[in-house]
Structure formats: structure tokens, C-alpha cells
Amino acid sequence: TTELMDNFAIYFRHVVSNSFYPVPQRAIGVGSAFEGWSPREQDVVYRVFIPMTPPRGHSFHLELDTAGQRRERNFRVRVQLECTCKWKLQGKNRLCFLHHSEEELRRNQDPSLLHTLCTGYYLDVQKTARWFYQLVRAIWPALRQSHRWHLVPLPSRRSCQFKVTSGRESFRIEMLFGVRQGNSDIFVSSQPREAYTESTTWPESYAVAEMKFFKFIAGLVPPDSLHLKCLQFFTRLQLGLGFSTYTMKTIVMHLLTFLPLSEWRRRHFMRRLSDIIESLRYCIEVRHLDHFILGNLNLPGEISVPPEVRMAEPYNLFHHLELDPVAHSE
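Each residue is numbered by its place in its chain's sequence as written, counting from 1. For a predicted model such as this one, the threshold for reporting local features is a pLDDT of at least 70, and the threshold for listing and counting side-chain atom pairs is 80 or more; totals across whole chains, interfaces and linings nevertheless cover every residue. Neither water nor hydrogens contribute to the side-chain values; these are computed over all heavy atoms in the structure.

A few words on the UniProt feature "domain: Mab-21-like HhH/H2TH-like" (unreviewed entry) in the chain. UniProt positions are given in the numbering used here, feature names are shortened, and annotations may be inferred rather than shown by experiment. Taking the numbering used here, the UniProt-annotated feature "domain: Mab-21-like HhH/H2TH-like" (unreviewed entry) corresponds to residues 243-300. The span residues 243-300 is 55% helical and 0% strand by assignment, and the distance between its end C-alpha atoms comes to 27 Å. Secondary structure elements are defined from DSSP: runs of H or I of at least 4 residues count as helices, runs of E of at least 2 residues count as strands, and each element is numbered from the N terminus.

Laid out in C-alpha cells, this is it:
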């Protein structure tokens, strides 16, 4: 998957190099498949995150959506045109979206990003997803993998999903995309949080930061550490009551920062399983489980987060249990 995404990245940059579309950067593997604890080995979805930078003559500005005082942080990506007149002085024969007439621009230059992938002044997730599908389909025949594998696009409104098959072998890839917050490991992402998310809404994503946390832990634990097996055990078990895999992942991440890493070895396996189930029981009783990234002041320094994310009020993943006594009782 990594090799395929690297090949895609080369062609992505080549295709958009002289356009006014976002510039896709190298893909970052995220989620359980790349963190090492995928709960379903026979049905793995390889999720990759593709950072996008603005094309020439444009800039991206992230605007926090404060409507309804949501606990989750959602953003909109405002696209702003920038003056490029200085490029003409440098011998680059390009028109400026700000200082040339609309007629001259229409006659001599492709439309700006505002007129292709935006709704109003804001980058549109669904339009961007359709554009990614078109890119993938156009580039696929040029990749050497296309000689052996067959590409099957899968429906999705806010990402680019496809299956690659060769005989009895097949695997699924989901391309998510978004914009980095400064130089941090926090992004705004195309991945929705709810059943319906507006097309100009980009939820804050912690997937890259969480992947880096597991990578950081992997460099510190003993060779026979079973921390990933513990997480895999509970996500496969499903616990019978619909606890999400993200709930179990969050509990294990907290325990990895609380318990000595030397105590996750094979001989500690049963004790760690007991710790995880006791942590879950306690969190249910008090109806509270803090998000691991948002508002966590104890993150390793290797994970870069903006000050407003580190200092934010921790988000309670069990907030719904506070509001729904029946669900809490069950």
C-alpha cells in the first residue's frame, strides 16, 4: 500500500503542477492497519491520509466552527486568492487573479480553485472527493501496479475508496484528505464524525498524531510486548454491547502512558487485560472517558499539536451516557 501511494503521489504532483487544484502531498498511513492492531485481518481497510497544500495564487485559512458550541472541533477551509504580479517580474508569464480582468483571465487562464472545488469561498469536501476519484482513475493506467492488479472504485462522498484485486487477492484502500494545522500533526480532515456532515465542514483529525503515538511507543516497549495484542483482543471481542473500537483504543493509549512500558510483556498479559476491563468499567460508572489527544497535557514531545489543541478542555467520549440514563443503565 505504501509503495502504491508513493507512486500515486509522484503522478499527483506531476498532473497538478501547472494547475490551480490543491497539491496532494505524500500519503501518511493511519488507523489500525498501520498502527499494528487491525481487528479484522481478513477484511482490512488501509486508510491513508493525504495532506493538501494550496496551488499557486491561493492560500488556505482554517476557520473554527463555533456554531452550537460543539465539543468536537469542526473547521471550514477558506480559500483566498493571492497576488502573483511579482511572478511576472520574475519572467513567469502568469496572470494574477486579483489584478487582471475577468475577461482576460477567462480567455487565457484556467479557472481558480474558487470556481472548481469550492462552495462559495470554502473548499468543498464532496467536490474534492470527486476530483480525487478522477485523478486516481486517470493515473492508474500509468502505474506499473495496473499491469497485474485491477482497480475497482467504491462509492464514497467524502473520501476516495477503491479495491485493488488480482485473482483471489484483494485489498481495500481509503484515501482521506485534508489540510495540516501549521506544522503540527493535527489536520482538518474529509472524514466525517456524524451520519450527515455538511460538505464545507472539515472535522479536526487526530489520526496522524495517534499513529505517531503508537510508533513512539513501539520504540520503547520490550521486544515481547503484547500491548497491541491486548488492544486487538478487545476490539475483536466486541464486548457484546457495541463499544466502539475507538473507545478501546483510547483506553489502551491512556494505560500506555500510565503504566510502565516494561509491564506489557508476555508474562503480564492477563494483568493488562484485567486493567483494560477495569478501566472500561470505571469509565462507564463515572460516565467519563477523556479523548487521548484533545486537552492532553502529557503527550510525548515527539507528537506535535497546536497550543489550542493541547490546552483545550478534554472531550468526554462518554458524554452521551451523561445525557441518556437508559443507555448508561444498559
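One less than the residue count of a helix, multiplied by 1.5 Å, gives the span that helix is expected to have. Under the 1.5 Å per step criterion, the end-to-end length of helix H1 (residues 2-16) is 21 Å for 15 residues, consistent within 8% with the ideal 21 Å. Each residue gets one of three labels from its accessible area relative to the maximum for its type: buried under 20%, exposed over 50%, partly exposed in between, using a 1.4 Å probe on protein chains only. Within the sequence span of H1, burial applies to Leu4, Met5, Asn7, Phe8, Ala9, Phe12 and Val16. Contacts: residue pairs with any heavy atoms within 4.5 Å of one another. Buried residues in H1 make contact with strand E1 (23-24), strand E3 (45-53), helix H5 (125-139), strand E9 (160-166) and strand E10 (169-180).

Here the nonpolar core consists of buried residues drawn from Ala, Val, Leu, Ile, Met, Phe, Trp, Tyr and Cys, with membership extended through side-chain atoms lying within 4.5 Å. By size, the foremost hydrophobic cluster in this structure holds 41 residues, and its most contacted members are Phe8, Phe12, Leu123, Phe132, Phe162 and Met175. Those elements that provide at least two residues to this core are H1, E3, strand E5 (74-81), H5, E9 and E10. Per-element accounting of this core gives the leading share, eight residues, to H5. Residues within four places of Phe12 in sequence aside, it is in contact with Pro24, Ile50, Phe132, Leu135, Val136, Ile139 and Met175. The next biggest cluster of nonpolar side chains, apart from the first, holds 37 residues, and it includes Ala209, Leu280, Leu289 and Leu294.

Pairing of strand E8 (residues 150-154) with E9 involves five bridges; the strand directions are antiparallel. When the bridges of E9 are listed, Pro153 appears paired with Phe162. Adjacent in sequence and paired antiparallel, E8 and E9 are bridged by five residues. In this scheme, strands are said to pair when DSSP sees at least two bridges between them.

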